[in-house]
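Residue-level listing of the chains:
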Amino acid sequence: MSRLQLHNLGRMFGVVPAVDNVSLTLTDGEFVSLLGPSGCGKTTTLRMIAGFIKPSSGTISVSGTTISSPERMVAPEHRGMSMIFQSYAIWPNMTVAENVAFGLTLRKMPSSEVRARTEKMLSVVRLAHLKDRYPSELSGGQQQRVALARAIVIEPAVLLLDEPLSNLDANLREEMRSEIRRLHDEFKITTVYVTHDQSEAMVTSDRIVVMNQGRIEQVADPVSLYTKPQTRFVAGFIGRTNFLDGLSDGTHIRFDGFSVPADGVKAGPASFSVRPQSISIHAARSADEGRHGDAWWVQAVVAERAYLGEYWDYGITPVLSGQMLRVTAPPATSLSAGQTVWLAIDHRQAARVPAPEACA
Amino acid sequence: MRRFDPLTIVWVLLAAILAFLVINPMLRLVLSSLQAVDTGDWTLANYAIAYGRPRYIQALWNTLMLGVCVTALCLVLAVPMAWAVSRTDMPAKGAIKLLTLAAFVTPPYLGAIGWILLAGPNAGWLNQAWMGLTGSGEGLFNIYSFAGLTFIIALYSFPYLFIFISSALDTVSSEMEDAANVLGCGTLRTMVRITLPLVLPAILGGAIITFLEAIALFGSPALIAIPARFNVVTTQLLQFFSPPVRAEVAAAYAVPLLLITLCLFGLQRRILRRRGFVSMTGKGGERRIIELGPWRWVLLGYSAFVLSLCVLLPYAALSQAALAKAWGRGWHLDNLTLDNFAYLLFRHETAGQSVLNSFYYAGAAACIGIVLTLSIAYIVSRRLLPGANVLGFLCMAPIVVPGIVLAVGFYAAYAPPPFALYGTATLLILAFTTRFLPVGYAQASAAIRGINPEMEEAVRILGGGRIVAIRRVLAPLMRRGMIGAWLLVFIPASRELSTALFLYGPKTRTMSVMLLDLSEEGNFERLAALGFMLLIATMVIVAIGFRFVGRDFMQRRT
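Residues numbered from 1 in each chain as written. Chains lettered and ligands numbered in written order. Predicted model: local features only at pLDDT ≥ 70, side-chain atom pairs only at ≥ 80, totals over all residues.

Hey, could you go over the overall build of chain A for me, with residue numbers and the actual values?
Assigned secondary structure in chain A consists of 9 helices and 20 strands. Dimensions of chain A, computed from the C-alpha atoms along their principal axes, are close to 75 × 45 × 35 Å. Residues classed as buried in chain A amount to 40% of the 360 residues present. Put simply, of all contacts in chain A between residues at least 6 apart along the chain, 63% involve residues at least 24 apart. (Helix = DSSP H or I, 4+ residues; strand = E, 2+ residues; numbered from the N terminus. Buried ≥ 20, exposed ≤ 12 C-beta atoms within 10 Å, placed from the backbone. Contact = placed C-beta atoms within 7 Å.)

Below, the structure is given as C-alpha cells:
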C-alpha cells in the first residue's frame, strides 16, 4: 500500500517561490498528473517527491512515513521509487537487458530471478527481441520503452514520470501515452506524471492537478476539469474557451453588447467560460424551443473563419459588441465572413468562473 | 540543524591541495620579491636591482617587441590558411590539417634546433645551398638574430592561432556570406567585409594568447638569443638564477611578466565574452564551400610552403643529424649511424635517465591533475557544496602564470626549509601538475558537463548510491574524455622546459633540460638524436589519442 501525501509543500529558489504551499494526497494505485505551463513548479514538485530537491517547507510522506521535510531527507536511493526522465537517461554503456536488470541487481536478487523478471518485463513492453542491443541502436520510442521497463520492473512504491513523451514525434506520443496507461492498468503502481500537454494528462490520468505559478489551481478528474473549471486559468489552459464577463442586476446579466435573463444569478459581477462547441449557429432565432429554448440568443456577424477538416472554426462578433467569440461548427456548415447569424449559447454547459481581476 | 556532511571533508582536502599547488607559490613569489633576503624586512630593493640596469630594461623591451613581432607574423601565417581550410575548395585539406597538427605538437625548442641546422650562419643547409647555387662566400640567413628568433617562435606558435580561427570560421553560417553575395558582393569583398569581422573577436583573442605564449617562452630564446648575445625576460631570469642565485631579484623581475599576462588574459576573456555573434549563429547553419578557381592552387602552395618551413625541413634536418656521424657531411650511407642513440641511452651519465624522468613526471602529473580536476569539476557541476566555484576558479588560475614565473614561485615556496624540496622529483611533479591544472580542468569539466545529470539520477532513484552511480555509469561514460584529458596534460608536461629549469636537481633532469645541456656542448648529432626520440614519443602518444579518443582531441578549444 503506497499512499503518497504532500502536505503544505513549498520550495524557494532564492526569494522566488517555485512551489508554493502544495497539498495533495494520492490513494494507492492512483494515477495523477501534474499539468501546467513551463515554470509552474510541476517538475520541482516531482523532483522533491523523488528526493533530488529538498523542500523549503512542508512534508512529503509515503504510507504515513515522512520522507522529505526541510529538516530531514531520505536519499533518493532509499525511497523505493522509480522515475522516468525527460531524456530517458538510458545508460548507453549497458545493453537493453542490463539497463532493465540494473535495479534488480542492486536489490541483491539471485541472478536467475533477475533474468526471469527482466525477460518478462521486456516482453511486456515488446522489446524481448532487442535485449542485447545497445541504446544507441534503438529508436526514440524503443528507448522510451526501455525506460518504462527499467522503472517498472523493480515494482516501485511510487512511479514518477517527468515529461516522458516530450521528445517523441506526434504519432509516437499518442501511442506511448496509451502504452503508459496500459502498463498502469496492469501493474497498478501509484504514479505521478508531469506534463504540459493536456491531452496526455487527460488520456492517462485518474485525476489531474493543474498548477500555475507554483500553486495548485484545481484538482479533478478529466471530465470535471473540462466541464467545470473553477478558475479562469484552468478554463483557458484546458481546451479553448470564451470568457463572457458581465454584470448581473438580479434580473438580467449585461454582457458586452447583449444581455440575457439572470436566471437566479445574484446581483454583481458574473463571468462564464463557454466552450466553442457550446455555441451553435443559426440562420434565425430558432423555433426549435425544445433544444435551444432557454439558450442565450444573440445576433452576430461572422468575422473570420478557418476550415480544419474535422470542423469549421469561426470568429463571430455579436452585433454591438467588441468581443469576438470562437465557435466551432460541423464541416458542412459553411458561412462566409460578413454574414449575419444568430448564436445560441448553451449556458447549461457554461461554467461560472471568477470575474477578471480588473472587475472584481 | 544540518547533519554533518562527509563531503565537507573532501572540500577542505581539495582546498588544502589547491592552496599548496596554486596559492602558496604565487603568494611566496610576490612576498619574496618584497623582502630583504637576509633580514626579511619589507623592501623595494629587489625591484631596484631587477630594473636597475639598462640591459635588464632592454631585455624587457626585447621581450615585448618579440611578442608583437611573433604575433604579427603568426597572423600572416594563420589567417589565410585557416580561411582556406575552413571555407574554400583548396585541395589536400586533410594533409594541411595533419601537418599543422604536427607543427602544433612539435616542442618549439626542437624546431629551433632543426632551424639551427638549417640556417646556422654559413654551416646551415640552406646557407650551404645558397652558397652552392650562387657561389657566394657568405650564407644568406643567420638564425642567431632577433629576426631569426621571431621567425622560429612564430613557426611553432601559429598552429594554435590556426586552430582557434578555423574553429571560429567553422561556426559562421554560409548564409551570412550568401546574404552578402545576393546583394552583389564578390567573394573577396565578402571575406573582408563579412566573414573576417565576424571572427575578429576570435582572431584578437587568439592573437593575445599567441603574444602571451611568445613572451613566456624560454627554450627557443635560450637556444637562439643567448648565442646571439641579446636577452629577453626569460633568459634574464635564468641569469638571476645562475650562481650566485638571486631568487628574490628573479621574483621581482618576474612580477611584471605576471601582471602583463594577467591583464592581457582578462582582456582576452572580455573580447571573447562579447563574441556573441559568432557562436550564436553557428548551429545548424549550413556551410557552403567557396570555389576559388585557380587561386586554390596559390593558397595550397602558400600553405605547403609554410608547413614545409615548420615541419618538413626541420624534421628532415633533425633526423639527418640524429642518424649521422657528422651532420655536415650530408646524406651518405657511410655517414649513417645509430651510435648517437646508443650513446645517449647507454653510455651517457644522465641522458637515459632524463628520458625516463620526463615520462615519469608527466605521467604522474597527468594522473594527479586528472583526479584532482575531475573531483572538483564534479563537485562544481553538481553543486554538491557551497563555495565549490572557488575550487574551480583556483584550478583555472595558473593559466595566467607563465611557466617560468611559476617555477620562480615554486622555488620561493618550497626550496627553503621546512619543505626543502628543491631538486626532488616531487617538486617537479607538483609544479607540472599546477602548470597544467587549467588544461585538465577545462577538459574534465567539459567531460562532466557532457553527461546529463539524469543519467546519475536514474541510478539513484532505482536504489544505487552516488558511489554506484559514479562507478557504474559516470566513469564508463567519461572514459574517453578522461583519456583525452590525461593525454592533453601528459603531452605538454612530457616536454615542459621553463617550469623544470629552476627546479631540477642532478638526478631529476628532464629530457627538455637535457636537450638544453647538450646544446651548450655543441654536439648537434646527439642533440638531434635526443630531440628525435622526443618527437617520436610525441607522435606515438598523439596517435594513441587519435585511436582512442578521436581525431579532434587535440583541437577542442578550451
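I'd like a rundown of the overall build of chain B, residues and numbers included.
Within chain B, the secondary structure is distributed over 25 helices and 0 strands. Taking 2.2 N^0.38 as the reference for a compact globule, 558 residues should give roughly 24 Å; the C-alpha atoms of chain B span a radius of gyration of 25 Å, in line with that estimate. For chain B, the spread of C-alpha atoms along the principal axes amounts to about 90 × 75 × 45 Å. Here chain B, with 558 residues, has 47% of them falling under the buried criterion. Long-range contacts, defined as pairs at least 24 residues apart, comprise 78% of the intrachain contacts of chain B with a sequence gap of at least 6. (Rg over C-alpha atoms; globule rule 2.2 N^0.38 Å.)

Quick rundown of the confidence of the model for chain B? Include the residues and the values.
Residues and elements named next belong to chain B. Across chain B, pLDDT averages 86, with 95% of residues at or above 70. Considering only residues more than four positions removed or in separate chains, one finds that residues 276-284, a stretch of pLDDT under 50, has 14 contacts. Scored as a whole, the predicted complex attains pTM 0.82, and scored at its interfaces, ipTM 0.83. (pLDDT = per-residue confidence, 0-100.)

Go over the packing of helix α11 (residues 233-241) of chain B against helix α12 (residues 247-273) of chain B with me, naming the residues and quoting the values.
Working note: a packed helix pair is described by the angle between its axes plus the distance between those axes. Residues and elements named next belong to chain B. Relative to each other, α11 and α12 sit at 165°, their axes nearing to 9 Å. As judged from the angle between their axes, α11 and α12 are roughly antiparallel. In this structure, α11 meets α12 at a crossing whose hand is left-handed. Between α11 and α12, the contacting residues are Val233, Gln236, Leu237, Phe240 and Phe241 on the first element and Val249, Ala250, Tyr253, Ala254 and Leu257 on the second. Looking at the contact of α11 with α12 residue by residue, the classes come out as 9 nonpolar, 1 polar and no charged. (Axes fitted to C-alpha atoms, helices over the stretch in contact; angles between N-to-C directions. Parallel < 35°, antiparallel > 145°, perpendicular 65-115°, else oblique. Left-handed = near helix turned anticlockwise from the far one by under 90°. Nonpolar A, V, L, I, M, F, W, Y, C, P; charged D, E, K, R; others polar.)

For the domain arrangement of chain B, give the residues involved together with the corresponding values.
Residues and elements named next belong to chain B. Structurally, chain B comprises domain 1 (1-43 + 342-558) and domain 2 (47-285 + 293-337). Look at where the C-alpha atoms of domain 1 and domain 2 centre, and you get two points 25 Å apart. Opposite the 40 residues of domain 1 that make contact, domain 2 presents 38 residues. Among the residues forming the side of domain 1 that touches domain 2, the class breakdown is 27 nonpolar, 10 polar and 3 charged. (Domains from an automatic or database assignment.)

Could you give an account of the sheet that holds strand β1 (residues 4-13) of chain A, naming the residues involved and the relevant values?
All names here are of chain A. Taken in spatial order, the 4 strands make up an open sheet running β2-β1-β4-β5, and their pairing is antiparallel. Both edges of this open sheet fall to β2 (16-26) and β5 (65-68), since each of them pairs with a single strand only. Neighbour to neighbour, the strand axes of the sheet diverge by 30° on average, direction disregarded. Looking at chain direction, β1 and β2 are connected through 7 bridges and run antiparallel. When the sheet's bridge partners are listed, Phe13 is paired in β2 with Val16. (Pairing = 2+ DSSP bridges.)

If you had to explain the interface of chain A and chain B to someone new, which residues and values would you point to?
Between chain A and chain B, the contact holds 18 residues from the first and 14 residues from the second. Mapped by element, the contributors of at least two residues to the side of chain A that touches chain B are β6 (81-84) and α2 (96-106) of chain A. Considered class by class, the residues forming the side of chain A that touches chain B number 12 nonpolar, 4 polar and 2 charged.

Lay out the domain arrangement of chain A in plain terms, naming residues and giving numbers.
Residue and element names in this part refer to chain A. Here the domain parsing of chain A yields domain 1 (4-237) and domain 2 (242-353). Using only C-alpha atoms to locate each centre, domain 1 and domain 2 end up separated by 40 Å. Each partner contributes to the interface: domain 1 provides 6 residues, whereas domain 2 provides 4 residues. Considered class by class, the residues forming the side of domain 1 that touches domain 2 number 2 nonpolar, 2 polar and 2 charged.

Outline the nonpolar core, listing residues and values.
All names here are of chain B. Of all hydrophobic cores here, the largest spans 269 residues; its most connected members are Ile165 and Val408. The element that contributes the greatest number of residues to this core is helix α7 (residues 146-170), accounting for 15 residues. When residues no more than four places from it in sequence are discounted, the contact partners of Ile165 are Ala78, Val79, Ala82, Val199, Ala202, Ile203 and Gly206. (Core = buried A, V, L, I, M, F, W, Y, C linked by C-beta atoms within 7 Å.)

Run through the pairing of β1 of chain A, naming residues and quoting values.
Residues and elements named next belong to chain A. In sequence, β1 turns back onto β2 through a hairpin of 2 residues, with Gly14 there showing a positive phi of about 65°. Pairing geometry for β1 and strand β4 (residues 57-62), over 5 bridges, is antiparallel. Within β4, the residue paired with Gly10 across the bridge is Ser57.

Describe the sheet that holds strand β12 (residues 252-255) of chain A, with residues and values.
Residue and element names in this part refer to chain A. Strand order in this open sheet of 5 strands is β13-β12-β11-β14-β20, and the pairing throughout is antiparallel. In this open sheet, the two edge strands, each paired with only one partner strand, are β13 (258-261) and β20 (351-353). Going from strand to strand, the sheet's axes swing by 35° on average, the running direction of each strand aside. Here β12 runs beside β13; their pairing, made up of 4 bridges, is antiparallel. What sits directly across from Ile253, in β13, is Val260.

Tell me what's going on with helix α5 (residues 108-119) of chain B, and back it up with residues and numbers.
Residues and elements named next belong to chain B. Taking 1.5 Å per residue, 12 residues should reach 16 Å; α5 reaches 16 Å between its end C-alpha atoms and fits that length. Among all positions in α5, only Pro108, Tyr109, Leu110, Gly111, Ala112, Ile113, Gly114, Trp115, Ile116, Leu117, Leu118 and Ala119 are buried. Each element contacted by the buried residues of α5 is listed here: α6 (125-134), α7, α10 (219-224), α14 (295-322), α24 (511-521) and α25 (524-549). (Expected span 1.5 Å × (residues − 1).)

Which residues make up unusual backbone geometry, and what are the values?
Geometrically, the link from Pro417 of chain B to Pro418 of chain B is a cis peptide bond, its omega value of 5° lying close to zero. Summarising the element assignment, Pro418 of chain B is placed in the loop between α18 (403-414) and α19 (425-435). Within the chain, Lys108 of chain A stands out as a residue other than glycine whose phi angle is a positive 55°. Counting through the fold element by element, Lys108 of chain A comes out in the loop between α2 and α3 (111-124). Of note in this structure, Asp263 of chain A is not a glycine but carries a positive phi near 55°. By secondary structure assignment, the location of Asp263 of chain A is in the loop between β13 and β14 (268-274). With 12 C-beta atoms counted inside 10 Å, the residue Asp263 of chain A sits in the exposed group.

Could you give me a rundown of the environment of Ala377 of chain B, with the residues and numbers involved?
All names here are of chain B. Here Ala377 is to be found in helix α16 (residues 351-381). What makes Ala377 buried here is the crowd of 25 C-beta atoms within 10 Å. Between the alpha carbons of Ala377 and Gly440 there is a distance of 9.9 Å; along the sequence they are 63 residues apart. When residues no more than four places from it in sequence are discounted, the contact partners of Ala377 are Tyr441, Ala444, Ser445 and Ile448.

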